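# Analysis of the macromolecular model
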Amino acid sequence: MNKFSKIKQHIYLKIESGEWPENHPVSSENALSTQFSVSRMTARRALQELADEGLVIRTQGSGTYVAPIKSQTSFMAIRNIADEVRSRGHGYRAKVHLLKEQPATVQIAEALELEEGSPVFHSLITHYENDQPVQLEERFVNPKLVPDYLKQDYSKVTPHEYLCVVSPLTEASHQIEAILPVSTICQYLNIDRHEPCLRILRRTWSSGGVVTFATLTHPGSRFKLGGHLTFKE
């Protein structure tokens, strides 16, 4: 692990362990450059990436502080929500509302590249961070590629974890949009109908074809998109 990564890991562990709670000051660029024997530019880059990821907040003239609890992810990556929550040192759990086989509607059949009326697997799950709903996951799965999908306990393993094992993903597409939630979403996420939500429509492929079509809905007040891109000269 290079020194840049060591700085980030050092701060990750401080936050994850609870040693640095919300709004706790983070070591300065000068302190980090001395501690890890790196240039101030390297320390600044590490702090900036953590800020881009939503873990810290940088304020000119004031310093860097641990960000308030707020679900965040990178729109450039597909990550397991359970891992994201636990990486912040928070409690994760899931509640399964629906898990069944049903005939594909026109929209679902098109998304999964199946014939209308073909059997598909359907799951609806709420994911929690510290007992607060942060994501409603509705997923349709191609039974031909994942025949045992309905047999899993998704309160113990997320669909993402299971799918990565039995049908490793090779490709994904995303569509991201802001919405106002309908009443059923408000109930699952415990939010007011006037609270904006971020909805991600995601299709994933394996070597055998389209595996899933998922709709991931996040309350706007509990979710943040972040990422860091490095461009090579």
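Each value, and the rule that gives it
- Residues numbered from 1 in each chain as written.
- Predicted model: local features only at pLDDT ≥ 70, side-chain atom pairs only at ≥ 80, totals over all residues.
- Heavy atoms only, no water.
- Helix = DSSP H or I, 4+ residues; strand = E, 2+ residues; numbered from the N terminus.
- Areas by Shrake-Rupley, 256 points an atom, 1.4 Å probe, with all protein chains shown as cover.
- Lys, Arg positive; Asp, Glu negative; His and termini not counted.
- Charge placed at Lys NZ, Arg CZ, Asp CG, Glu CD.
- Polar contact = N/O pair within 3.5 Å; in protein donor to acceptor, adjacent residues only side chain to side chain.
- Contact = heavy atoms within 4.5 Å.
- Disulfide = S-S within 2.5 Å.
- Buried < 20%, exposed > 50% of the residue type's maximum accessible area, 1.4 Å probe, protein only.
- Domains from an automatic or database assignment.
- Buried area = accessible area lost by both parts, 1.4 Å probe.
- Pairing = 2+ DSSP bridges.
- Axes fitted to C-alpha atoms, helices over the stretch in contact; angles between N-to-C directions.
- Core = buried A, V, L, I, M, F, W, Y, C linked by side-chain atoms within 4.5 Å.
- Parallel < 35°, antiparallel > 145°, perpendicular 65-115°, else oblique.
- Left-handed = near helix turned anticlockwise from the far one by under 90°.

## Here's the deal with the overall build of the protein
- For the protein, the count of helices and strands is seven helices and ten strands.
- Counting only C-alpha atoms and orienting by the principal axes, one finds that the protein spans roughly 65 × 40 × 30 Å.
- Total accessible area computed for the protein in this model is approximately 12,500 Å², and 50% of it derives from carbon and sulfur atoms.
- Seen as two clouds, the 26 positive and the 26 negative side-chain charges of the protein have centres 6 Å apart.

## Some remarks on the side chain of Thr-212
- Its place among the elements puts Thr-212 in strand β9 (residues 209-219).
- At 3.2 Å, the side chain of Thr-212 and the side chain of Arg-139 are in polar contact.
- Looking at Thr-212, its side chain comes within polar contact range of the side chain of Thr-204, at 2.7 Å.
- The residues touching Thr-212, leaving out its near neighbours within four places in the chain, are Leu-112, Arg-139, Phe-140, Val-141, Leu-163, Arg-202, Arg-203 and Thr-204.

## Things to note about the state of the cysteines
- Enumeration over the complete set of coordinates arrives at zero disulfides.
- Take Cys-197: it sits in no disulfide, and the sulfur closest to it among the cysteines is that of Cys-186, at 6.9 Å.
- Owing to a relative accessible area of 3%, Cys-197 belongs among the buried residues under this scheme.

## Some points on the domain arrangement of the protein
- Split by domain assignment, the protein resolves into domain 1 (3-71) and domain 2 (81-219).
- Distance between the C-alpha centres of domain 1 and domain 2: 32 Å.
- Facing five residues of domain 1, the contacting portion of domain 2 comprises eight residues.
- For the pair domain 1 and domain 2, the summed buried surface comes to about 510 Å²; carbon and sulfur atoms form 56% of the total.

## Concerning the pairing of β9
- The buried fraction of β9 amounts to ten of the eleven residues, a majority that puts the element mostly inside the structure.
- When strand β6 (residues 132-141) meets β9, the two strands line up antiparallel, connected through six bridges. Pairing of Glu-137 across the sheet is with Leu-216, part of β9.
- In this structure, strand β8 (residues 197-206) lies alongside β9, joined through ten bridges in antiparallel fashion. Looking at the pairing, Ile-200 lines up with Leu-216 of β9.
- Counting the residues between successive antiparallel strands, the hairpin from β8 to β9 contains two residues.

## A few points about the sheet that holds β8
- Read across the open sheet, the six strands follow the order β4-β5-β6-β9-β8-β7; overall the sheet is antiparallel. On the outer flanks of this sheet lie β4 (92-103) and β7 (171-179), each paired with one strand and no other. With strand direction ignored, the average angle separating the axes of adjacent strands in the sheet is 15 degrees.
- Along the sheet, helix α6 (residues 159-166) contacts β5 (119-129), β6 and β9; its crossing angle with β6, the most-contacted strand, is approximately 40 degrees.

## Topic: the nonpolar core
- Judged by nonpolar contacts, the single largest core of 17 residues is most densely connected at Ile-7, Ile-11, Ile-15, Trp-20, Val-26, Leu-32 and Val-56.
- Going through the elements one at a time, α1 (3-16) and α3 (40-52) are the ones with two or more residues in this core.
- When residues in this core are grouped by element, the largest group, five residues, is from α3.
- Ile-81, Ile-125, Val-141 and Val-146 belong to the second-largest nonpolar core, a separate cluster that totals 15 residues.

## Overview of the pairing of strand β2 (residues 63-66)
- Burial along β2 is one-sided: the residues Thr-64 and Val-66 are buried and none of Gly-63 and Tyr-65 is.
- Relative to β2, strand β1 (residues 56-59) is paired through four bridges, and the arrangement is antiparallel. Residue pairing across strands places Arg-58 opposite Thr-64, the latter belonging to β2.
- Here β1 folds back onto β2, and the loop between the two strands holds three residues, one of which, Gly-61, carries a positive phi near 85 degrees.

## A look at the packing of α1 against α3
- Axis separation between α1 and α3 bottoms out at 9 Å; the angle between their running directions is 45 degrees. As judged from the angle between their axes, α1 and α3 are oblique. Taken as a pair, α1 and α3 cross one another with a handedness that is right-handed. On the side of α1, the interface is formed by Phe-4, Ile-7, Lys-8, Ile-11 and Tyr-12, while α3 contributes Thr-42, Ala-43, Arg-45, Ala-46, Leu-47, Glu-49 and Leu-50.

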